[in-house]
Amino acid sequence: MSAVEQYARAHLVTDSSEGHRAVPVVLRYDPEADPQAVRIALPGSHDRVFARRLLEQGLRVPISVDGVHVWPCGRVQTIVEFHERDGVTVVQFDASALIRFLRRTYATAGAVAR
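What you see is a predicted model, and the numbers here were worked out from it, not measured in a lab.

Conventions and cut-offs
Residues numbered from 1 in each chain as written. Predicted model: local features only at pLDDT ≥ 70, side-chain atom pairs only at ≥ 80, totals over all residues. Heavy atoms only, no water. Buried < 20%, exposed > 50% of the residue type's maximum accessible area, 1.4 Å probe, protein only. Helix = DSSP H or I, 4+ residues; strand = E, 2+ residues; numbered from the N terminus. Pairing = 2+ DSSP bridges. Phe/Tyr/Trp six-rings, centres within 6.5 Å; stacked < 30°, edge-to-face > 60°. Lys NZ or Arg CZ within 6 Å of the ring centre and 35° of its normal. Axes fitted to C-alpha atoms, helices over the stretch in contact; angles between N-to-C directions. Salt bridge = Lys/Arg side-chain N within 4 Å of Asp/Glu carboxyl O.

Let us now look at the pairing of strand E1 (residues 4-13). Taking every second residue as pointing to the same face, the buried face of E1 carries Val4, Gln6, Ala8, Ala10 and Leu12, while none of Glu5, Tyr7, Arg9, His11 and Val13 on the other face is buried. Inspection of the sheet shows E1 paired to strand E2 (residues 20-29) by ten bridges, in the antiparallel sense. Residue alanine 8 lies in a different strand from E2, and its bridge partner there is valine 25.

Structure (structure tokens):
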């Protein structure tokens with residue numbers, strides 16, 4: 001199987017009194033379905049799908065494409081923000097989890113291409 005699935009912990013940032021709430025997140029990449037896209041599955045909501053290069057670039061510099069904003073937050077955190085019709089979802093990740101996931105996606109994509 002060539003798909004990559006990685007479980008991670010992230011913080012869902014809200015404007016409620018809870019502030020930051022730790023949630024389990026599933027990061028997915030399937031080069032056979034779409035070699036350019038990654039998926040983020042948050043609990044209780046639909047998957048967010050966006051370009052893998054956006055996630056990679058957002059680890060280093062702020063970038064926005066089609067309602068998805070990604071930017072580094074200090075040295076060890078990365079923010080992914082989704083703007084949708086029903087509001088904004090802000091998720092804070094440890095950058096190391098995203099880097100590990102991206103490395104696995106590139107290794108898988110390279111194996112599929114061979």
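Scanning the model with the defined rule gives one aromatic pair in all. Across the ring face of phenylalanine 82, the terminal group of arginine 48 is positioned such that the distance to the ring centre comes to 5.4 Å. Here the basic side chain of arginine 52 rests over the ring of tyrosine 106, its NZ or CZ set 3.9 Å away from the ring centre.

Taken in spatial order, the eight strands make up an open sheet running E4-E3-E2-E1-E8-E7-E6-E5, and their pairing is antiparallel. The two strands at the open ends of the sheet, each matched to only one other strand, are strand E4 (48-51) and strand E5 (63-65). Strand-to-strand twist in this sheet, taken as the mean axis angle between neighbours without regard to direction, amounts to 30 degrees. Looking at chain direction, E5 and strand E6 (residues 68-73) are connected through three bridges and run antiparallel. Within E6, the position partnered with serine 64 by the bridge is histidine 69.

Here we take up unusual backbone geometry. Excluding glycine, residues mostly have negative phi values, and the peptide bonds linking residues are mostly trans. Here the phi dihedral of aspartate 66 falls at roughly 50 degrees; this positive angle occurs in a residue that is not glycine. Relative to the elements of secondary structure, aspartate 66 occurs in the loop between E5 and E6. Classification of aspartate 66 by relative accessible area gives exposed; the value is 77%.

Turning our eyes to something else, we now look at the pattern of salt bridges. Per the stated rule, a full pass over the model turns up four salt bridges. We note a salt bridge from aspartate 47 to arginine 28, for which the minimum N-O separation is 3.4 Å. One end of the pair, aspartate 47, is in the loop between strand E3 (37-41) and E4; the other, arginine 28, is in strand E2, and 19 residues separate them in sequence. Accessibility expressed as a relative area gives 27% for aspartate 47, which makes it partly exposed. Of the charged contacts in the structure, one is a salt bridge between glutamate 84 and arginine 48, with a shortest N-O distance of 3.0 Å. One end of the pair, glutamate 84, is in strand E7 (residues 77-84); the other, arginine 48, is in strand E4, with 36 residues separating them in the sequence. Residue classification places glutamate 84 among the partly exposed positions, given a relative accessible area of 26%. Within the structure, one salt-bridge network assembled from shared partners comprises Glu5, Arg28, Arg39 and Asp47.

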